[in-house]
Amino acid sequence: MHTTTRWLCLGASVLLAVTGQTGTAAARDLPGTYVVSRAPGILPEGITVARDGTVYVSSDGTGRLFRGHVSDPELRPFAARGIDDRTSTLGVHTDRRGRVYSVGGADLTVHDARGRLVDRRTAQDGPLGPADLNDLVITKDAVYATDWANPVVHRAEFRHGRLGPMRPWLDIRGAFPQFPAQYWLLNGIVADRAGETLLVASNGTEALWRVDTATRAVEQVRLGDESFGADGMVLRGHTLYAVLNYGAPEGVYIAELSEDLRAGVVRHRLTGEPFDLPTTLARHGCRLYVVNSQLDDPPGEPPYTVSAIADPTCPQAE
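Quick caveat: nothing in here was measured; it's all calculated off a predicted structure.

Asker: Is there a simple way to explain the state of the cysteines in this structure?
Answerer: Two cysteines form a disulfide when their sulfur atoms are joined by a covalent bond. By the definition in use, this model includes 1 disulfide. Disulfide pairing places Cys 286 opposite Cys 314 at an S-S distance of 1.8 Å. Residue Cys 286 is found in the loop between β22 (278-284) and β23 (287-292), and its partner Cys 314 is found in the segment after β24 (304-310); the two are separated by 28 residues along the sequence. Here the two residues Cys 286 and Cys 314 agree in accessibility, since each one is buried.

Written as structure tokens, this is what we have:
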């Protein structure tokens, strides 16, 4: 997910004073820090952890993908074919079959676990110019992707198990028509288990938006006076894990949402060390895996890392 330290965004920032504790990691024998790469200029950005503990991290600096396991502190390059021309890769996720979905520029690509290219879909230009895909979410019916350069959510439908073309699906400006189109800066996107509701983060509006996938109705999620222009996010039931790096102290914010995902309260705010301009996170077991992008000072300084912290909502957290 792009960070707003690299572009000017609009909106007032109001912080909600909510505290949280990271606790002691439940899995004490697992690493607390993972090295994505020691090569210069990698700038890690996206992350996903599959059910079996396989970790994938994307590179904003080079477009490459890296793979490892939660038991191993060192990741290695993932030989994903067909993306040599991609200079930046942002969002990355896996599906139930272990396939790796990632976005960079205008392209969504799908690879199998061996790195073979399974599918490639290209998003159409938006109202402001070429698409710049930022993050994605996979539901049972489709893949949805946010566009950093346009106020657009794109959608590629699954048809008989195959991925259809990627088309503009929602122009989100209708929810806030007076806001300048170029500053929507869409970032993280998550979906409920049924795929009926999307939550879309906008750095520019410093808000979180709820989208009904059946009607495409858009409304702002009510989080009090909290500035919530999230970058990457994870939704688990009614618990939303979000990384903020603009409009609030950078770190992980955990909100408990209402059953209909229309409102919520931030219960935990995890900031400061060990984060270094975090962009997104993944959850596996009772741990949160947070990417340290160093995008505030590119090309940063190797090694580039992911920090693992205890999930304070987990009953095993101490």
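Still more to cover.
Asker: For this particular structure, what's the right way to read the sheet that holds β24?
Answerer: Strand pairs in the sheet, formed through backbone hydrogen bonds, run parallel or antiparallel to each other. Strand order in this open sheet of 4 strands is β1-β24-β23-β22, and the pairing throughout is antiparallel. For this open sheet the edge positions go to β1 (33-37) and β22, each flanked by a neighbour on one side alone. Neighbouring strand axes in the sheet, compared pairwise and without regard to direction, differ in orientation by 25 degrees on average. By the bridge criterion, 4 bridges tie β1 to β24 in an arrangement that is antiparallel. Pairing of Val 35 across the sheet is with Thr 305, part of β24.

Asker: Got a minute to help me understand the pairing of β22 in this structure?
Answerer: When a strand is regular, its side chains alternate between the sheet's two faces. The buried fraction of β22 is high, at 6 of 7 residues. The loop that links β22 with its antiparallel partner β23 comprises 2 residues; one of these, Gly 285, has a positive phi angle of about 65 degrees.

Asker: Explain the pairing of strand β9 (residues 117-122) here, please?
Answerer: Note that strand β8 (residues 107-111) and β9 share 5 bridges and pair antiparallel. Looking at the pairing, Leu 108 lines up with Arg 121 of β9. Taking the residues that link successive antiparallel strands as the turn, the β8-β9 hairpin has 5 residues, and the phi of Gly 115 there is positive, at about 95 degrees.

Asker: Teacher, can you tell me more about the sheet that holds strand β18 (residues 233-236) here?
Answerer: The sheet built from 4 strands is open, its strands ordered β18-β19-β20-β21 with antiparallel pairing. This sheet does not close on itself; its edge strands, each paired only once, are β18 and β21 (264-271). Put simply, the sheet's adjacent strands are angled 20 degrees from each other on average, direction ignored. Inspection of the sheet shows strand β20 (residues 251-257) paired to β21 by 7 bridges, in the antiparallel sense.

Asker: I tried to follow the pattern of salt bridges on my own but got confused; where do I start?
Answerer: Close approach of charged atoms allows side chains of opposite charge to pair. Taken as a whole and assessed by the stated rule, the structure comprises 14 salt bridges. Residue Asp 85 is joined to Arg 120 by a salt bridge in which the shortest nitrogen-to-oxygen separation is 3.5 Å. With a gap of 35 residues between them, Asp 85 in the loop between β5 (76-78) and β6 (92-94) and Arg 120 in strand β9 connect regions that are remote in the sequence. The residue Arg 155 makes a salt bridge to Glu 157 at a minimum N-O spacing of 3.9 Å. Linked through salt bridges whose partners overlap, the residues forming this network are Arg 210, Glu 219, Asp 260 and Arg 262.

Calculation criteria
Residues numbered from 1 in each chain as written. Predicted model: local features only at pLDDT ≥ 70, side-chain atom pairs only at ≥ 80, totals over all residues. Heavy atoms only, no water. Disulfide = S-S within 2.5 Å. Helix = DSSP H or I, 4+ residues; strand = E, 2+ residues; numbered from the N terminus. Buried < 20%, exposed > 50% of the residue type's maximum accessible area, 1.4 Å probe, protein only. Pairing = 2+ DSSP bridges. Axes fitted to C-alpha atoms, helices over the stretch in contact; angles between N-to-C directions. Salt bridge = Lys/Arg side-chain N within 4 Å of Asp/Glu carboxyl O.

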